[in-house]
Amino acid sequence: MGRSRGGVTTKIMALTDALGNLIDFRLLPGQAHDLRGTAALLEGLVCGQFLADRAFDANWLRDALTRGGIEAVIPPKSNRKYPAEFDKEAYKWRHLVENFFAKLKEYRGIAMRCCKTDKSFGAFIALAAT
């Protein structure tokens with residue numbers, strides 16, 4: 001992985017379990033769309049439901065989840081001609097992912113992206129999540 005340059009931000013794509021514990025993550029450039037790192041996180045994923053916000057509302061993702069036997073609990077984007085249905089009660093549990101990020105950002109080094117390399121930043125995230 002490359003070095004972090006001044007002014008460049010890093011996005012953390014995280015996959016958590018039903019309790020909000022980290023399962024896996026990927027680092028992306030801050031300007032990258034959320035869907036960019038999703039395929040790598042889905043490889044070998046076995047679960048009943050996949051909860052995500054509307055930024056993840058993409059046909060290819062819904063199809064991949066269906067092929068894997070996973071229910072997509074993703075609210076549809078407002079510009080969809082035929083909005084997909086989703087379990088609104090199950091979606092309420094997505095706050096656990098947000099809680100994970102809130103806890104992670106309690107560590108100043110993560111919130112401010114103090115590490116110089118992606119490798120050391122990723123190691124710090126793994127350590128903090130533990």
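Residues numbered from 1 in each chain as written. Predicted model: local features only at pLDDT ≥ 70, side-chain atom pairs only at ≥ 80, totals over all residues. Heavy atoms only, no water.

J.: Give a detailed account of the pattern of salt bridges, specifying residues and quantitative values.
T.: Under the defined criterion, the tally for this structure stands at 7 salt bridges. Its salt-bridge partner being Lys11, residue Asp34 comes within 3.0 Å of it at the nearest N-O pair. Of this pair, Asp34 sits in the loop between β2 (22–29) and α1 (38–42) while Lys11 sits in strand β1 (residues 10–16), placing them 23 residues apart in sequence. In this structure Lys11 comes out as partly exposed when scored by relative accessible area, which is 22%. Three or more residues joined by partner-sharing salt bridges are found here, namely Asp57, Arg62 and Arg80. (Salt bridge = Lys/Arg side-chain N within 4 Å of Asp/Glu carboxyl O. Helix = DSSP H or I, 4+ residues; strand = E, 2+ residues; numbered from the N terminus. Buried < 20%, exposed > 50% of the residue type's maximum accessible area, 1.4 Å probe, protein only.)

J.: If you had to explain helix α6 (residues 118–129) to someone new, which residues and values would you point to?
T.: With 12 residues, α6 extends 16 Å between its outermost C-alpha atoms, agreeing within 8% with the 16 Å of an ideal straight helix rising 1.5 Å per residue. Buried within α6 are the following residues: Asp118, Phe121, Gly122, Ile125 and Ala128. Buried residues of α6, seen end-on, are gathered within an arc of 125° and therefore sit on one face of the element. In α6, the exposed residues that point more than 90 degrees away from the buried face are Lys119 and Leu127. (Expected span 1.5 Å × (residues − 1). Arc of directions from axis to C-beta.)

J.: Can you explain the packing of aromatic side chains? Please cite residues and give values.
T.: All told, the structure shown has 3 aromatic pairs when counted by the stated rule. Here Phe86 and Tyr91 contribute two aromatic rings whose centre-to-centre distance is 5.8 Å and whose plane-to-plane angle is 80°, an arrangement assigned as edge-to-face. Measuring from centroid to centroid gives 6.4 Å for Tyr107 and Phe124, while their planes differ by 75°, and the two rings are edge-to-face. Here Tyr107, found in the loop between α4 (95–104) and α5 (108–111), pairs with Phe124, found in helix α6; they are 17 residues apart in sequence, far enough to count as distant. When its relative accessible area of 38% is taken as the criterion, Tyr107 is described as partly exposed. (Phe/Tyr/Trp six-rings, centres within 6.5 Å; stacked < 30°, edge-to-face > 60°.)

J.: Which residues make up the pairing of β2, and what are the values?
T.: Here β1 pairs with β2 via 7 bridges, running antiparallel. Bridged to Ile12 within β2 is Leu27. In this antiparallel pair of consecutive strands, β1 and β2, the connection spans 5 residues, and Gly20 shows a positive phi of 85°. (Pairing = 2+ DSSP bridges.)

J.: I'd like a rundown of the environment of Thr10, residues and numbers included.
T.: Position of Thr10 among the secondary structure elements: in strand β1. Note on Thr10: relative accessible area 24%, which makes it partly exposed. Separated by 93 residues in sequence, Thr10 and Lys103 place their C-alpha atoms 17 Å apart. Those residues in contact with Thr10 that sit more than four places away from it in its chain are Leu27, Leu28, Gly30, Arg113 and Phe121. In this structure the side chain of Thr10 is engaged in a polar contact, spanning 3.0 Å, whose partner is the side chain of Arg113. (Contact = heavy atoms within 4.5 Å. Polar contact = N/O pair within 3.5 Å; in protein donor to acceptor, adjacent residues only side chain to side chain.)

J.: Could you give an account of the nonpolar core, naming the residues involved and the relevant values?
T.: Considering soluble globular proteins, one finds that nonpolar side chains tend to be buried as a cluster. Ranked by size, the top nonpolar core spans 17 residues in total, and within it Leu42, Leu45, Phe50, Phe56, Leu61, Leu65 and Ile74 carry the most contacts. Every element with two or more residues in this core is listed here: β1, α1 and α2 (59–67). Ignoring sequence-local partners within four residues, the contact set of Leu65 consists of Leu42, Phe50, Ile70, Ala72 and Ile74. In terms of nonpolar packing, the next biggest core, distinct from the first, is built from 12 residues, Phe25, Val97, Leu104 and Ala128 among them. (Core = buried A, V, L, I, M, F, W, Y, C linked by side-chain atoms within 4.5 Å.)

Keep in mind that these numbers describe shape and distance, not what the molecule does.
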